[in-house]
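Here's the letter readout for the chains.
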Amino acid sequence: MTAAIKLEPSWKYQLKDEFEAAYMQSLRMFLKSELKAGKTIYPKPYQYFSALNLTPFNQVKVVILGQDPYHGEGQAHGLCFSVPPQVRMPPSLLNIYKALAQDLGLRAPQHGCFVAWAKQGVLLLNSVLTVEKGKAASHQNKGWETFTDAVVAALNAERKHIVFILWGSYAQRKGRCIDRQKHLVLEGVHPSPLSAHRGFFGQRYFSQANAYLQQHGKQAVDWSLGSREEAETLFQQAEAMNLSIYS
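Keep in mind the model is a prediction, meaning the values are calculated, not measured.

Quick notes on the rules
Residues numbered from 1 in each chain as written. Predicted model: local features only at pLDDT ≥ 70, side-chain atom pairs only at ≥ 80, totals over all residues. Heavy atoms only, no water. Buried < 20%, exposed > 50% of the residue type's maximum accessible area, 1.4 Å probe, protein only. Helix = DSSP H or I, 4+ residues; strand = E, 2+ residues; numbered from the N terminus. Pairing = 2+ DSSP bridges. Right-handed = clockwise from strand over helix to strand, strands pointing away. Axes fitted to C-alpha atoms, helices over the stretch in contact; angles between N-to-C directions. Parallel < 35°, antiparallel > 145°, perpendicular 65-115°, else oblique. Left-handed = near helix turned anticlockwise from the far one by under 90°. Contact = heavy atoms within 4.5 Å. Nonpolar A, V, L, I, M, F, W, Y, C, P; charged D, E, K, R; others polar. Phe/Tyr/Trp six-rings, centres within 6.5 Å; stacked < 30°, edge-to-face > 60°. Disulfide = S-S within 2.5 Å. Core = buried A, V, L, I, M, F, W, Y, C linked by side-chain atoms within 4.5 Å. 1 Å grid on protein atoms, 1.4 Å probe; cavity = no way out; pocket = protein on both sides within 12 Å on 5 of 7 lines; lining within 4 Å. Points joined across faces, edges and corners; volume = space filled by probe spheres on them.

Asks: Honestly, the pairing of strand β5 (residues 163-167) in this entry has me stumped. Any pointers?
Replies: Each regular strand shows side chains that alternate between the opposite faces of the sheet. Burial within β5 is extensive, with five of its five residues counted as buried. The two faces of β5 match: Val163, Ile165 and Trp167 on one face and Phe164 and Leu166 on the other face are all buried. The pairing of strand β2 (residues 62-66) with β5 spans four bridges and is classified as parallel. Along β5, the bridge assignment pairs valine 62 with valine 163. Summarising the sheet, β5 and strand β6 (residues 184-188) pair through five bridges and their orientation is parallel. Looking across to β6, one finds that leucine 166 is bridged to glutamate 187. Handedness of the crossover joining β5 and β6 through helix α8 (residues 169-174) is recorded here as right-handed.

Rendered as structure tokens:
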């Protein structure tokens, strides 16, 4: 099974047993059958593992946990909360930019692409890595949650001083295994418009993350995201180097 998987080497080493597991083989067959039936799945198969490919295991400094990919056309590309540079920004993403402005005084970019964060060590991981077009949560309980639990568990066990940012109850449940003596866990309300008004803003997630990283000898994250043109260049580079094949 692993021979069929193209994945960034450090992650492939960490997760090799997962790809051999029965649940992942069942998940792969499910995805193949859905595609064969003519259903549109987001993101594209080569983007399923974009978060892992862009942020190698030993380079992870911050983990932001999402739930499912965006299910609108052209939105999902494998990084949670992120969209390609030319795609209209969803409301949750705009709320993240509002929080950034409050925390660090950063002006909101004219795009919603987070590849620049990923390349600095921010793992932008959804719990479920695929979704059917127009059907939110349609691929939950198919096996992805077990796989991404293994991602979190490996980081928790093998690394030290990572910042885990858990927005919403779903991400917080997924983060229960994290050793808070070894890592910093920042929890808060989900940035969705349905919940953000209940306390998402004003929590200073980004400055807290940088302070912790610097306290432990790591370089702070530059949370600014540059121009749309710069984001487009990074996005195209990421697309060109993407290794994922899982279909």
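Continuing now.
Asks: Mind showing me how you'd approach the packing of helix α3 (residues 22-36) against helix α7 (residues 144-158) here?
Replies: Helix packing geometry: the angle between the two helix axes and the distance between the axes. Remark: α3 packs on α7, axes separated minimally by 9 Å, with the N-to-C direction vectors making an angle of 130°. Between α3 and α7, the crossing angle belongs to the class labelled oblique. The two elements α3 and α7 meet at a crossing, and its hand is left-handed. In contact with Tyr23, Met24, Leu27 and Leu31 of α3, α7 contributes Trp144, Thr146 and Phe147. Of the residues contributing to the contact of α3 with α7, the split by class is six nonpolar, one polar and no charged.

Asks: Please explain the packing of aromatic side chains as it appears in this structure.
Replies: Aromatic rings considered in pairs are described by the distance between their centres and by the relative angle of their planes. For the structure shown, the criterion picks out 19 aromatic pairs. Residues tyrosine 48 and tryptophan 144 carry aromatic rings whose centres are separated by 6.2 Å and whose planes lie at 80° to one another, so their mutual orientation is edge-to-face. Taken together, the residues tyrosine 48 in the loop between β1 (41-42) and α4 (50-54) and tryptophan 144 in helix α7 connect sequence positions 96 residues apart. In terms of burial, tyrosine 48 and tryptophan 144 fall into one category: buried. Centre to centre, the rings of phenylalanine 206 and tryptophan 223 are 5.0 Å apart; their planes meet at 65°, and the pair counts as edge-to-face. One end of the pair, phenylalanine 206, is in helix α9 (residues 205-215); the other, tryptophan 223, is in the loop between α9 and α10 (228-241), with 17 residues separating them in the sequence. Of the two residues examined, phenylalanine 206 and tryptophan 223, each falls in the buried class.

Asks: Which parts of the structure should I look at to understand the state of the cysteines?
Replies: What is meant by a disulfide is a covalent connection between two cysteines, made through their sulfur atoms. Summed over all chains, the structure comprises zero disulfides. Not engaged in a disulfide, the cysteine cysteine 80 finds its nearest cysteine sulfur in cysteine 113; these two sulfurs lie 12 Å apart. The exposure class assigned to cysteine 80 is buried, which follows from its relative accessible area of 0%. Cysteine 177 takes part in no disulfide bond, and the closest cysteine sulfur, belonging to cysteine 80, lies 16 Å away.

Asks: Help me understand the pairing of strand β3 (residues 122-126), please; the structure alone is not making it clear to me.
Replies: Burial analysis of β3 places five of its five residues in the buried class, which makes it a mostly covered element. Here five bridges tie β2 to β3, and the two strands are oriented parallel to one another. Looking at β3, one finds that isoleucine 64 is bridged to leucine 124.

Asks: What exactly am I supposed to notice about the nonpolar core here?
Replies: Core analysis: the largest hydrophobic core is formed by 74 residues, its most contacted members being Trp11, Ile64, Trp117, Leu123, Trp144, Phe147 and Leu155. Looking at which element gives the most residues to this core, the answer is α7, with seven residues. Once residues within four sequence positions are removed from consideration, leucine 155 is found in contact with Trp11, Phe57, Val60, Val63, Leu123, Ile162, Phe164 and His183.

Asks: What should I look at first to understand empty space enclosed by the protein in this one?
Replies: Which parts of space are left empty comes out when a probe the size of a water molecule is rolled across the atoms. Counted by the stated rule, this structure contains four cavities of 30 Å³ or more. The calculated volume of the largest cavity comes to roughly 50 Å³. Tyr97, Leu100, Leu106, Arg107, Ala108, Pro109, Trp223, Ser224 and Leu225 together form the lining of the largest cavity. Considering only residue class, the lining of the largest cavity consists of seven nonpolar, one polar and one charged.

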